[in-house]
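An overview of the molecular structure
Listed below are the residues making up each chain.
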Amino acid sequence: MLLYFTDANTQKSVAINPEHIVCIFTTVPTENEPETTIVNMVNGNIAIKDDYLDVVGRLNGELK
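The text that follows walks through the structure, step by step, so that each part is easy to find. Everything numeric in this text was worked out from a predicted model, so none of it was measured.

What follows is about the pairing of strand S5 (residues 44-48). Judged from the 5 bridges that link them, strand S4 (residues 37-41) and S5 form a sheet pairing that is antiparallel. Paired with Met41 across the strands is Gly44, a residue of S5. Counted between consecutive antiparallel strands, the loop separating S4 from S5 contains 2 residues.

Encoded structure:
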């Protein structure tokens, strides 16, 4: 099962396999950059535009 999110850098869709996620966290917002949700996977990180709670909720709904 793949879940689709929006890449924070390219604004394009990115498909993520929820079984390969290690953790999810947010960056600290600055004057120039808003808070960003980071998905840490076994092979690296991806910054996504979607809200942290929306991401966690969608993942919790898929993982059993």
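That shown, we press on.
In this structure, Thr27 sits in the loop between strand S3 (21-26) and S4. A relative accessible area of 28% places Thr27 in the partly exposed class. For the pair Thr27 and Ala47, spaced 20 residues apart in sequence, the C-alpha separation works out to 9.3 Å. Ignoring sequence-local partners within four residues, the contact set of Thr27 consists of Pro34, Glu35, Thr36 and Ile38.

Okay, the sheet that holds S4 next. Spatially, 3 strands are ordered S3-S4-S5 in an open sheet, and the strand pairing comes out antiparallel. A strand with exactly one partner marks an edge of an open sheet, and here the two such strands are S3 and S5. The average undirected angle you get between the axes of adjacent strands in this sheet is 20 degrees. In the packing of helix H1 (residues 52-62) onto the sheet, contacts are made with S3, S4 and S5, and the angle to S3 comes to roughly 160 degrees.

Before going further, it helps to examine the packing of aromatic side chains. Counted under the stated rule, the structure contains 0 aromatic pairs. Over the face of the ring belonging to Phe5 we find Arg58, whose NZ or CZ atom lies 4.4 Å from the ring centre.

This part covers the side chain of Asp7. Note that Asp7 resides in the loop between strand S1 (3-6) and strand S2 (13-16). Here Asp7 occupies a buried position and makes no salt bridge, while the nearest side chain of opposite charge, Lys12, is found at 9.8 Å. Leaving out residues up to four positions away in the same chain, Asp7 has contacts with Lys12, Val14, Ile46, Ala47, Ile48 and Lys49.

Criteria and thresholds
- Residues numbered from 1 in each chain as written.
- Predicted model: local features only at pLDDT ≥ 70, side-chain atom pairs only at ≥ 80, totals over all residues.
- Heavy atoms only, no water.
- Pairing = 2+ DSSP bridges.
- Helix = DSSP H or I, 4+ residues; strand = E, 2+ residues; numbered from the N terminus.
- Buried < 20%, exposed > 50% of the residue type's maximum accessible area, 1.4 Å probe, protein only.
- Contact = heavy atoms within 4.5 Å.
- Axes fitted to C-alpha atoms, helices over the stretch in contact; angles between N-to-C directions.
- Phe/Tyr/Trp six-rings, centres within 6.5 Å; stacked < 30°, edge-to-face > 60°.
- Lys NZ or Arg CZ within 6 Å of the ring centre and 35° of its normal.
- Lys, Arg positive; Asp, Glu negative; His and termini not counted.
- Salt bridge = Lys/Arg side-chain N within 4 Å of Asp/Glu carboxyl O.

In short, shape yes, function no, at least from these values alone.
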